[in-house]
Amino acid sequence: SQTIHQWPATLVQPVGSPLSLECTVEGTSNPNLYWYRQAAGRGLQLLFYSVGIGQISSEVPQNLSASRPQDRQFILSSKKLLLSDSGFYLCAWSPFGGRLQTQYFGPGTRLLVL
Amino acid sequence: AQKVTQAQTEISVVEKEDVTLDCVYETRDTTYYLFWYKQPPSGELVFLIRRNSFDEQNEISGRYSWNFQKSTSSFNFTITASQVVDSAVYFCALSEAGSSNTGKLIFGQGTTLQVKP
């Protein structure tokens with residue numbers, strides 16, 4: 001069966017510091033990968049998606065970037081965090097082969113920027 | 001424009017009551033999928049159901065049932081005989097099949113369900 005991991009689970013970082021959040025998927029090949037952010041108030045917003053290694057598309061211009069160095073690894077980064085980057089970051093995967101596949105979410109990373 | 005509206009911000013019921021969570025969506029696509037996810041206090045989103053736009057058949061899974069009506073652009077979720085473990089935030093989401101679609105899920109703002117013993 002497929003599983004998705006995220007780490008760290010919780011992170012407290014000062015403004016201006018760098019960020020690296022990692023997401024890995026097990027039990028599947030060539031997944032579509034997604035990064036969402038859930039700010040206080042609960043709405044979820046798609047940040048990045050990837051259909052393959054090195055292929056990253058951004059949905060919303062922002063202070064963050066994403067990379068996919070391996071087939072089942074997706075990384076969310078920032079060079080300098082802003083207060084507004086605080087939130088709950090969720091990684092999701094969907095099976096290879098179509099845009100309308102169900103997305104399955106990881107446990108998330110809670111980020112607090114102080 | 002795509003949009004998902006969950007007008008109920010919070011619902012509180014007593015255990016064993018039935019409860020319906022409303023979801024209304026907007027889309028110009030004729031082909032799309034609708035989803036429900038559950039977010040317990042731990043934070044992880046748990047997939048509950050997916051329906052495509054060509055299948056308006058209602059679905060029942062245990063205590064859960066879903067009513068999809070294209071005429072009213074609604075995809076409502078009913079929990080029968082609610083239990084304390086049903087307490088969570090529930091999200092309705094839309095994914096369109098348009099050529100520019102990334103597989104992006106458009107989420108509603110969520111409904112917090114509290115089931116009291």
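Structure shown above.
Let me begin by describing the structure that accompanies this report. (Residues numbered from 1 in each chain as written. Chains lettered and ligands numbered in written order. Predicted model: local features only at pLDDT ≥ 70, side-chain atom pairs only at ≥ 80, totals over all residues. Heavy atoms only, no water.)

1. Re the overall build of chain B
Then step 1. Within chain B one finds zero helices and 12 strands.
Then step 2. What you see in chain B, going N to C, is helices and strands ordered as β-β-β-β-β-β-β-β-β-β-β-β.
Then step 3. Across its three principal directions, the C-alpha atoms of chain B cover 45 × 30 × 20 Å.
Then step 4. Counting every position in chain B, which comprises 117 residues, the buried fraction comes to 48%.
Then step 5. Of the contacts formed within chain B by residues at least 6 apart in sequence, a portion of 56% connects residues at least 24 apart.
Then step 6. Averaging the coordinates of the 10 positive side-chain charges in chain B and doing the same for the 13 negative ones gives two points 3 Å apart. (Helix = DSSP H or I, 4+ residues; strand = E, 2+ residues; numbered from the N terminus. Buried < 20%, exposed > 50% of the residue type's maximum accessible area, 1.4 Å probe, protein only. Contact = heavy atoms within 4.5 Å. Lys, Arg positive; Asp, Glu negative; His and termini not counted. Charge placed at Lys NZ, Arg CZ, Asp CG, Glu CD.)

2. Here's the deal with the overall build of chain A
Then step 1. The helix and strand tally for chain A stands at zero helices and 11 strands.
Then step 2. When the helices and strands of chain A are read in sequence order from the N terminus, they spell out β-β-β-β-β-β-β-β-β-β-β.
Then step 3. Taking 13 Å as the expected radius of gyration for a compact globule of 114 residues, we find that chain A reaches 13 Å, a close match to that expectation.
Then step 4. On the principal axes, the C-alpha backbone points of chain A span a range of 40 × 25 × 20 Å.
Then step 5. Classification of the 114 residues of chain A by burial places 49% in the buried group.
Then step 6. Relative to all contacts within chain A whose residues are 6 or more apart in sequence, the contacts with residues 24 or more apart total 55%.
Then step 7. About 5,200 Å² of surface is accessible on chain A, with carbon and sulfur atoms providing 55% of the total.
Then step 8. The positive charge centre, built from 8 side chains, and the negative charge centre, built from 5, are 6 Å apart in chain A. (Rg over C-alpha atoms; globule rule 2.2 N^0.38 Å. Areas by Shrake-Rupley, 256 points an atom, 1.4 Å probe, with all protein chains shown as cover.)

3. Focus on the pairing of strand S5 (residues 44-52) of chain A
If a strand is regular, its side chains alternate between the two faces of the sheet.
All names here are of chain A.
Then step 1. When you tally the buried positions in S5, you get seven out of nine residues, the bulk of the element.
Then step 2. Pairing between strand S4 (residues 32-38) and S5: six bridges, direction antiparallel. The residue of S5 that forms the bridge with Leu 33 is Ser 50.
Then step 3. Sheet topology places S5 next to strand S6 (residues 55-58); three bridges connect them, and they run antiparallel. Across the sheet, residue Phe 48 finds its bridge partner in S6, namely Ser 58. (Pairing = 2+ DSSP bridges.)

4. Quick word on the interface of chain A and chain B
Then step 1. Between chain A and chain B, the residue contacts involve 22 residues of the former and 30 residues of the latter.
Then step 2. Counting the surface lost from both chain A and chain B, the interface buries some 2,000 Å², and carbon and sulfur atoms represent 53% of this.
Then step 3. The interface formed by chain A and chain B includes one salt bridge.
Then step 4. With its nearest N and O atoms 3.0 Å apart, the salt bridge here joins Glu 59 of chain A to Lys 104 of chain B.
Then step 5. Joining chain A to chain B, the criterion identifies five residue pairs in polar contact (both at pLDDT 80 or more).
Then step 6. For the side of chain A that touches chain B, the secondary structure elements donating two or more residues are S4, S5, strand S9 (87-94) and strand S10 (104-105) of chain A. (Buried area = accessible area lost by both parts, 1.4 Å probe. Salt bridge = Lys/Arg side-chain N within 4 Å of Asp/Glu carboxyl O. Polar contact = N/O pair within 3.5 Å; in protein donor to acceptor, adjacent residues only side chain to side chain.)

5. Some words on the packing of aromatic side chains
Residue and element names in this part refer to chain B.
Then step 1. The full count for this structure, using the stated rule, is 22 aromatic pairs over all chains.
Then step 2. On the basis of an interplanar angle of 85° and a centroid distance of 6.0 Å, the ring pair of Tyr 64 and Trp 66 is categorised as edge-to-face. With respect to burial, Tyr 64 and Trp 66 carry one shared label: buried.
Then step 3. Measuring from centroid to centroid gives 5.8 Å for Phe 68 and Phe 75, while their planes differ by 80°, and the two rings are edge-to-face. Each member of the pair, Phe 68 together with Phe 75, is buried. (Phe/Tyr/Trp six-rings, centres within 6.5 Å; stacked < 30°, edge-to-face > 60°.)

6. Side note on unusual backbone geometry
Then step 1. Put simply, Trp 7 of chain A and Pro 8 of chain A share a cis peptide bond, and its omega is 0°.
Then step 2. Summarising the element assignment, Pro 8 of chain A is placed in the loop between strand S1 (3-7) and strand S2 (10-13).
Then step 3. In this structure, Lys 16 of chain B takes a positive phi of about 85° despite not being glycine.
Then step 4. As for its position among the elements, Lys 16 of chain B is in the loop between strand S2 (10-14) and strand S3 (19-21).
Then step 5. We note that Ala 81 of chain B has phi near 50°; this positive angle belongs to a residue other than glycine.
Then step 6. Within the element layout of this structure, Ala 81 of chain B appears in the loop between strand S9 (74-79) and strand S10 (88-96).

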